[in-house]
Amino acid sequence: MEWLDSASIGFLVVFLGTLFLIGELLVRAKGLFAILGIAIMAMYFSYHLSGDVGLWVVLLYVIGLALIIIDGKVITDGTVAIIGVVLMIIGLAVPAPNMIYGVLVSMGFLLGGFSSALFLKVFPSRNLWAKMTLKDRLTEDLGYNSINESYSKLVGKQGRTLTPFRPTGSVEIDGQQYSATSGSQWLEANIEIVVTSVDGTRIVVKKVEE
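Quick look at the structure, then. Predicted, not measured: the structure shown is a model, and the values here were computed from it.

## Re the nonpolar core
Note on soluble globular proteins: their nonpolar side chains tend to be buried together.
Then, number 1: Core analysis: the largest hydrophobic core is formed by 31 residues, its most contacted members being Val-14, Met-41, Tyr-44, Phe-45, Tyr-61, Leu-92 and Tyr-101.
Then, number 2: Among the elements that take part in this core, helix 1 (residues 7–26) stands out by supplying 9 residues, more than any other.
Then, number 3: Leaving out residues up to four positions away in the same chain, Leu-92 has contacts with Val-14, Met-41, Tyr-44, Phe-45, Tyr-61, Val-105 and Phe-109.
Then, number 4: Counting 13 residues, the second-largest nonpolar core is a separate cluster that includes Leu-154, Ile-173, Ala-180 and Ile-203.

In C-alpha coordinates, the structure reads:
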(Lines give C-alpha, C1' and ligand atoms only; values in the text may rest on other atoms or scores of the structure.)
Protein backbone atom coordinates (compact mmCIF):
# COMPACT_ATOMS: atom_id res chain seq x y z
CA MET A 1 0.00 0.00 0.00
CA GLU A 2 2.82 2.37 -0.86
CA TRP A 3 0.29 4.55 -2.64
CA LEU A 4 -0.76 5.75 0.83
CA ASP A 5 2.57 7.61 0.98
CA SER A 6 0.96 10.22 -1.28
CA ALA A 7 -0.70 13.06 0.64
CA SER A 8 -3.43 13.38 -1.98
CA ILE A 9 -4.28 9.68 -1.66
CA GLY A 10 -4.30 10.05 2.13
CA PHE A 11 -6.71 12.95 1.74
CA LEU A 12 -9.01 10.84 -0.43
CA VAL A 13 -8.89 7.83 1.91
CA VAL A 14 -9.71 9.90 5.00
CA PHE A 15 -12.41 11.76 3.09
CA LEU A 16 -14.15 8.52 2.09
CA GLY A 17 -13.70 6.89 5.48
CA THR A 18 -15.17 9.91 7.26
CA LEU A 19 -17.93 10.24 4.68
CA PHE A 20 -19.19 6.73 5.40
CA LEU A 21 -18.60 6.74 9.18
CA ILE A 22 -20.37 10.03 9.83
CA GLY A 23 -22.94 9.08 7.22
CA GLU A 24 -23.77 5.97 9.26
CA LEU A 25 -24.43 8.22 12.26
CA LEU A 26 -26.73 10.49 10.28
CA VAL A 27 -28.78 8.02 8.24
CA ARG A 28 -30.10 4.49 8.48
CA ALA A 29 -27.89 2.56 6.06
CA LYS A 30 -28.27 -0.88 7.71
CA GLY A 31 -24.62 -0.84 8.81
CA LEU A 32 -23.22 -0.76 5.27
CA PHE A 33 -21.68 2.69 5.68
CA ALA A 34 -20.19 1.68 9.03
CA ILE A 35 -18.49 -1.36 7.48
CA LEU A 36 -17.07 0.69 4.61
CA GLY A 37 -15.92 3.50 6.90
CA ILE A 38 -14.24 1.18 9.40
CA ALA A 39 -12.51 -0.78 6.62
CA ILE A 40 -11.17 2.37 4.96
CA MET A 41 -9.95 3.93 8.20
CA ALA A 42 -8.41 0.62 9.35
CA MET A 43 -6.40 0.62 6.12
CA TYR A 44 -5.20 4.18 6.83
CA PHE A 45 -4.15 3.49 10.43
CA SER A 46 -2.60 0.09 9.73
CA TYR A 47 -0.28 1.61 7.14
CA HIS A 48 0.78 4.68 9.11
CA LEU A 49 1.21 3.20 12.58
CA SER A 50 4.86 2.69 13.47
CA GLY A 51 7.08 2.28 16.50
CA ASP A 52 7.03 6.00 17.18
CA VAL A 53 3.24 6.22 16.92
CA GLY A 54 1.35 3.57 18.81
CA LEU A 55 -2.24 2.47 19.05
CA TRP A 56 -3.04 5.46 21.25
CA VAL A 57 -3.85 7.52 18.14
CA VAL A 58 -6.46 4.92 17.14
CA LEU A 59 -7.86 5.09 20.67
CA LEU A 60 -7.98 8.87 20.40
CA TYR A 61 -9.88 8.57 17.13
CA VAL A 62 -12.36 6.07 18.59
CA ILE A 63 -12.94 8.21 21.69
CA GLY A 64 -13.63 11.22 19.48
CA LEU A 65 -16.16 9.23 17.46
CA ALA A 66 -17.81 8.03 20.68
CA LEU A 67 -18.12 11.62 21.94
CA ILE A 68 -19.88 12.62 18.72
CA ILE A 69 -22.35 9.76 19.16
CA ILE A 70 -22.96 10.63 22.83
CA ASP A 71 -23.54 14.28 21.97
CA GLY A 72 -25.97 13.45 19.19
CA LYS A 73 -28.04 11.01 21.23
CA VAL A 74 -27.85 12.37 24.79
CA ILE A 75 -26.48 15.90 25.17
CA THR A 76 -27.50 17.40 21.80
CA ASP A 77 -25.88 20.80 22.28
CA GLY A 78 -22.84 20.24 20.04
CA THR A 79 -20.14 21.07 22.60
CA VAL A 80 -19.03 17.49 23.27
CA ALA A 81 -19.20 16.74 19.55
CA ILE A 82 -16.71 19.54 18.85
CA ILE A 83 -14.28 17.98 21.33
CA GLY A 84 -14.80 14.65 19.58
CA VAL A 85 -14.03 16.20 16.20
CA VAL A 86 -10.79 17.70 17.55
CA LEU A 87 -9.71 14.34 19.00
CA MET A 88 -10.42 12.57 15.72
CA ILE A 89 -8.42 15.12 13.75
CA ILE A 90 -5.48 14.73 16.15
CA GLY A 91 -5.71 10.96 15.82
CA LEU A 92 -5.52 11.27 12.03
CA ALA A 93 -2.86 13.98 11.78
CA VAL A 94 -0.32 12.66 14.32
CA PRO A 95 0.64 9.48 12.36
CA ALA A 96 0.92 11.45 9.11
CA PRO A 97 4.49 11.37 7.71
CA ASN A 98 4.76 15.17 7.35
CA MET A 99 2.91 18.41 8.04
CA ILE A 100 1.41 18.76 4.56
CA TYR A 101 0.07 15.22 4.79
CA GLY A 102 -1.40 16.00 8.22
CA VAL A 103 -3.10 19.17 6.98
CA LEU A 104 -4.58 17.36 3.98
CA VAL A 105 -6.00 14.46 6.00
CA SER A 106 -7.48 16.97 8.45
CA MET A 107 -9.15 18.75 5.56
CA GLY A 108 -10.30 15.39 4.20
CA PHE A 109 -11.91 14.62 7.55
CA LEU A 110 -13.77 17.94 7.70
CA LEU A 111 -14.93 17.76 4.09
CA GLY A 112 -16.02 14.16 4.52
CA GLY A 113 -17.99 15.05 7.63
CA PHE A 114 -19.81 17.92 5.93
CA SER A 115 -20.38 15.94 2.74
CA SER A 116 -22.03 13.10 4.69
CA ALA A 117 -25.02 15.40 5.18
CA LEU A 118 -25.84 14.76 1.51
CA PHE A 119 -26.91 11.24 2.49
CA LEU A 120 -29.88 12.82 4.28
CA LYS A 121 -31.39 13.58 0.88
CA VAL A 122 -31.45 9.89 -0.03
CA PHE A 123 -31.64 7.81 3.17
CA PRO A 124 -33.91 8.08 6.23
CA SER A 125 -32.42 10.14 9.04
CA ARG A 126 -31.42 8.83 12.48
CA ASN A 127 -32.53 12.19 13.95
CA LEU A 128 -29.29 12.89 15.81
CA TRP A 129 -29.37 16.33 17.40
CA ALA A 130 -33.13 16.39 16.72
CA LYS A 131 -33.69 18.23 20.02
CA MET A 132 -31.68 21.18 18.75
CA THR A 133 -34.14 21.98 15.96
CA LEU A 134 -37.91 22.07 15.74
CA LYS A 135 -38.61 19.91 12.71
CA ASP A 136 -42.40 20.17 12.73
CA ARG A 137 -43.95 23.46 11.67
CA LEU A 138 -46.50 24.68 14.17
CA THR A 139 -49.22 25.89 11.83
CA GLU A 140 -52.86 26.77 12.47
CA ASP A 141 -54.16 23.98 10.23
CA LEU A 142 -52.38 21.47 12.50
CA GLY A 143 -54.04 22.93 15.58
CA TYR A 144 -51.24 25.26 16.62
CA ASN A 145 -51.31 29.04 16.94
CA SER A 146 -48.32 31.30 17.48
CA ILE A 147 -50.51 33.84 19.26
CA ASN A 148 -51.46 33.18 22.83
CA GLU A 149 -55.07 32.01 22.56
CA SER A 150 -56.35 33.95 25.55
CA TYR A 151 -54.65 37.14 24.37
CA SER A 152 -55.99 36.87 20.82
CA LYS A 153 -59.55 36.99 22.19
CA LEU A 154 -58.87 40.46 23.57
CA VAL A 155 -58.93 42.11 20.14
CA GLY A 156 -61.89 44.51 19.97
CA LYS A 157 -62.54 44.48 23.71
CA GLN A 158 -62.67 47.67 25.74
CA GLY A 159 -61.13 48.44 29.10
CA ARG A 160 -59.40 51.24 30.97
CA THR A 161 -55.85 52.30 31.64
CA LEU A 162 -54.53 51.75 35.14
CA THR A 163 -51.33 53.72 34.61
CA PRO A 164 -50.18 56.45 32.24
CA PHE A 165 -48.85 55.14 28.91
CA ARG A 166 -45.48 56.57 27.79
CA PRO A 167 -46.21 54.57 25.57
CA THR A 168 -46.44 51.35 27.67
CA GLY A 169 -48.46 50.72 30.79
CA SER A 170 -51.11 48.56 32.43
CA VAL A 171 -54.74 48.12 31.46
CA GLU A 172 -57.74 46.38 32.95
CA ILE A 173 -59.95 44.35 30.62
CA ASP A 174 -62.81 42.20 31.90
CA GLY A 175 -61.42 42.47 35.42
CA GLN A 176 -57.93 41.24 34.40
CA GLN A 177 -54.77 43.31 34.33
CA TYR A 178 -52.47 43.24 31.29
CA SER A 179 -49.33 45.00 30.14
CA ALA A 180 -49.94 46.83 26.89
CA THR A 181 -48.60 49.48 24.57
CA SER A 182 -50.32 52.40 22.90
CA GLY A 183 -47.85 52.61 20.05
CA SER A 184 -46.97 56.27 19.52
CA GLN A 185 -49.80 57.61 21.68
CA TRP A 186 -49.34 58.92 25.22
CA LEU A 187 -52.36 58.08 27.32
CA GLU A 188 -53.41 59.18 30.77
CA ALA A 189 -54.52 56.84 33.54
CA ASN A 190 -58.20 55.86 33.98
CA ILE A 191 -59.37 56.45 30.42
CA GLU A 192 -61.33 54.10 28.17
CA ILE A 193 -59.31 52.10 25.66
CA VAL A 194 -59.94 49.40 23.04
CA VAL A 195 -57.60 46.60 22.00
CA THR A 196 -56.69 47.06 18.34
CA SER A 197 -54.30 44.12 17.82
CA VAL A 198 -52.38 41.35 19.56
CA ASP A 199 -48.99 40.01 18.46
CA GLY A 200 -48.07 37.06 20.65
CA THR A 201 -48.41 38.55 24.11
CA ARG A 202 -47.97 42.14 22.91
CA ILE A 203 -51.27 43.98 23.31
CA VAL A 204 -51.79 47.20 21.38
CA VAL A 205 -54.48 49.59 22.57
CA LYS A 206 -55.83 52.99 21.63
CA LYS A 207 -58.07 55.55 23.27
CA VAL A 208 -61.79 55.15 22.71
CA GLU A 209 -62.98 58.23 20.90
CA GLU A 210 -65.90 60.07 22.45
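## Digging into the packing of aromatic side chains
The relative placement of two aromatic rings is captured by the distance of their centres and the angle of their planes.
Then, number 1: Tallied over the full model, the rule gives 9 aromatic pairs.
Then, number 2: Look at Phe-33 and Phe-119: their rings are 4.5 Å apart centre to centre, the planes differ by 35 degrees, and that puts the pair in the tilted class. In this pair, Phe-33 is assigned in helix 2 (residues 32–48) and Phe-119 in the loop between helix 5 (99–115) and helix 6 (149–152), connecting sequence segments 86 residues apart.
Then, number 3: Phe-119 gets classed as buried once you look at its relative accessible area, which sits at 15%.
Then, number 4: When the centroid spacing of 5.3 Å and the interplanar angle of 70 degrees are considered together, the rings of Phe-45 and Tyr-61 count as edge-to-face. Residue Phe-45 is located in helix 2, and its partner Tyr-61 is located in helix 3 (residues 56–75); the two are separated by 16 residues in the primary sequence.
Then, number 5: Since its relative accessible area comes to 4%, Tyr-61 is described here as buried.

## Here's the deal with the pattern of salt bridges
Then, number 1: Under the criterion given, the structure shown has 3 salt bridges.
Then, number 2: Of the charged contacts, one joins Asp-174 and Lys-157 as a salt bridge, the two residues approaching to 2.8 Å between their closest N and O atoms. Highlighted residues: Asp-174 in the loop between strand 2 (168–173) and strand 3 (176–181) and Lys-157 in the loop between helix 6 and strand 1 (158–161), separated in sequence by 17 residues.

## A short note on the environment of Ala-180
Then, number 1: Structurally, Ala-180 is set in strand 3.
Then, number 2: Sequence separation between Ala-180 and Val-195 is 15 residues, and the spatial gap between their C-alpha atoms is 9.1 Å.
Then, number 3: Residues contacting Ala-180, with those up to four places away along its chain left out, are Phe-165, Pro-167, Thr-168, Gly-169, Val-171, Ile-203 and Val-205.

## Quick word on a nonpolar patch on the surface
Then, number 1: There is a patch of nonpolar side chains on the surface, built from Trp-56, Ile-82, Val-86, Ile-90 and Val-94 and spanning about 440 Å² of accessible area.
Then, number 2: Considering every element that reaches the nonpolar patch, the biggest residue donor is helix 4 (residues 79–93), with 3 residues.
Then, number 3: The residue Ile-82 is located in helix 4 in this model.
Then, number 4: Among the residues examined, Ile-82 registers a relative accessible area of 55% and is labelled exposed.

## A short note on the packing of helix 1 against helix 5
Then, number 1: Where helix 1 contacts helix 5, the axes come no closer than 7 Å and their chain directions differ by 30 degrees. Between helix 1 and helix 5, the angle is such that the two are roughly parallel. By crossing handedness, the relation of helix 1 to helix 5 is classed as right-handed. Within the contact between the two elements, helix 1 uses Ala-7, Ser-8, Gly-10, Phe-11, Val-14, Phe-15, Thr-18, Leu-19 and Ile-22 and helix 5 uses Tyr-101, Leu-104, Val-105, Met-107, Gly-108, Phe-109, Leu-111, Gly-112, Gly-113 and Ser-115.
Then, number 2: Of the residues in the contact of helix 1 with helix 5, the class split is 12 nonpolar, 7 polar and no charged.

The rules behind the values
Residues numbered from 1 in each chain as written. Predicted model: local features only at pLDDT ≥ 70, side-chain atom pairs only at ≥ 80, totals over all residues. Heavy atoms only, no water. Core = buried A, V, L, I, M, F, W, Y, C linked by side-chain atoms within 4.5 Å. Buried < 20%, exposed > 50% of the residue type's maximum accessible area, 1.4 Å probe, protein only. Helix = DSSP H or I, 4+ residues; strand = E, 2+ residues; numbered from the N terminus. Contact = heavy atoms within 4.5 Å. Phe/Tyr/Trp six-rings, centres within 6.5 Å; stacked < 30°, edge-to-face > 60°. Salt bridge = Lys/Arg side-chain N within 4 Å of Asp/Glu carboxyl O. Patch = residues over 30% accessible without salt bridge, like charges linked within 9 Å, V, L, I, M, F, W, Y side chains within 5 Å. Areas by Shrake-Rupley, 256 points an atom, 1.4 Å probe, with all protein chains shown as cover. Axes fitted to C-alpha atoms, helices over the stretch in contact; angles between N-to-C directions. Parallel < 35°, antiparallel > 145°, perpendicular 65-115°, else oblique. Left-handed = near helix turned anticlockwise from the far one by under 90°. Nonpolar A, V, L, I, M, F, W, Y, C, P; charged D, E, K, R; others polar.

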